[in-house]
Amino acid sequence: MYKVIVDHNPSQSDNEVVKEGLIKSYEAQFGERDKEFSIFLKSDSGKVFGGMQAMFDSEAIYIEALWIEENLRKQGYGRKLLAAAEREAIEKGCKFSLVDTWDFQAEEFYLKNGYEKIGELKNYWHGHSKLFFRKKLTSSEFHFSPVESSQIPLIHKWLQQNHIKEWIHGKGLQNTLNGLEKFFHGESSTTYWIGYHKNTPFAFLITSPEGSDATTLDLFICDLNYLGKGLAVPMIREFLISHFPKVKKVLIDPEATNERAIHVYQKAGFKIIGEFIASWHPVPHYQMELYMKDLYLAI
């Protein structure tokens, strides 16, 4: 005879029996046990102020929980934890990152970091909906992370180089620096990125939503050792596919005399659609656009 027992203070050993039984049923279907790991945000004294709990198998990483101490939110720590988990997943050979959250929690956060909403259970609990997200991971030699406040000196150093100052200066430069400060305080829809090649930071990218189905893009190859290496086009393609898979088009507006940049953008698939005089630097600029469907067809 077997009895159903309601236990409001269950023992850990009883809970483990149920958990192990469920895991074994998963193993029968998927062939291996999920591996658990955690990533923490700690102070110098070792106190935990945030972290992520996740598990992975041969195909995907599943993010179970991501939390940041309230007074440290909107300072880039969540993005840093997420990027660390994705890098770990890529190193383990995972193809996807999966997560679910509530409609009142982190939908915008995951969308902004390149996740696609793949499902929704409406009125799942207490009138709230459960949202499901997925992101395709790649083992590319490039990866991209939003700028952290500790990298401000690096950005300032990059922007003072002659090959950068030629194209961003005066009002345009000041707008960029002001925008960075707003970004770190969570007061801007513009995102500032560092591009890495095999873990070496070498590029500075700026994106901003344009309506509901487009994003703007600006970028600079900042490390002198990477100029003329032919990395700009594959970097642009990898960046857009990994972080903006659902936008319809991407807009960019180089100076009309910046022939090198225009050539790179055209190789990446951008087309010139117009010309204008910019308010931040009153010289001719080209309006260029790239439709993501054309980018997918080109690769």
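Structure report, in brief.

1. Quick look at the overall build of the chain
A tally of regular secondary structure across the chain gives nine helices and 13 strands. When burial is assessed residue by residue, the chain has 38% of its 299 residues classed as buried. Partitioning the contacts of the chain with sequence separation of at least 6, the portion at a separation of at least 24 is 56%. Counting only carbon and sulfur atoms, one obtains 51% of the accessible surface of the chain, whose full area is about 17900 Å². Here the chain contributes 35 positively and 39 negatively charged side chains, and the mean placements of these two sets differ by 2 Å.

2. Notes on the packing of aromatic side chains
This model, assessed by the stated rule, comprises 18 aromatic pairs. Linked through ring pairs, Trp102, Phe104, Tyr124 and Trp125 together constitute an aromatic cluster.

3. Looking at the sheet that holds strand β5 (residues 116–125)
Read from one edge to the other, the open sheet built from six strands follows the order β1-β2-β3-β4-β6-β5, with strand pairing classed as mixed. Edge positions in the sheet fall to β1 (35–42) and β5, since each of these pairs with one other strand and no more. Put simply, the sheet's adjacent strands are angled 20 degrees from each other on average, direction ignored. In terms of strand pairing, strand β2 (residues 48–56) meets strand β3 (residues 60–68) through seven bridges, oriented antiparallel. Note on β3: the bridge partner recorded for Gln53 is Ala65. In the packing of helix α2 (residues 77–91) onto the sheet, the strands contacted are β1, β2, β3 and β6 (128–136), and the crossing angle to β3 comes to about 160 degrees.

Conventions we followed
For every chain, the first residue of its written sequence is number 1, and the numbers climb from 1 along that sequence. The predicted origin of the model limits local features to residues at a pLDDT of at least 70 and limits the giving and counting of side-chain atom pairs to 80 or more, whereas totals for whole chains, interfaces and linings rest on all residues. Side-chain metrics in this entry use all non-hydrogen atoms of the structure; hydrogen atoms and water are not considered. Per the convention used, a helix needs a DSSP run of H or I reaching at least four residues, while a strand needs a run of E reaching at least two, with both numbered from the N terminus. Working definition: with a 1.4 Å probe on protein chains only, accessible area under 20% of the residue-type maximum means buried, over 50% means exposed, and in between means partly exposed. Working rule for contacts: check all heavy atoms of both residues, and any pair within 4.5 Å makes them a contact. Computed with a 1.4 Å probe, the accessible areas rest on the Shrake-Rupley method; for each residue, only the protein chains presented here act as cover. We count Lys and Arg on the positive side and Asp and Glu on the negative side, and we leave His and both chain ends out. Lysine's charge is taken at NZ, arginine's at CZ, aspartate's at CG and glutamate's at CD. Here a pair means two rings of Phe, Tyr or Trp (six-membered ring of Trp) with centres within 6.5 Å. Their orientation is stacked below 30 degrees between planes, edge-to-face above 60, and tilted elsewhere. Paired strands are those between which DSSP finds at least two bridges. All axes are obtained by fitting lines to C-alpha atoms, using only the stretch in contact for helices, and the reported angles, taken between N-to-C directions, cover 0 to 180 degrees.

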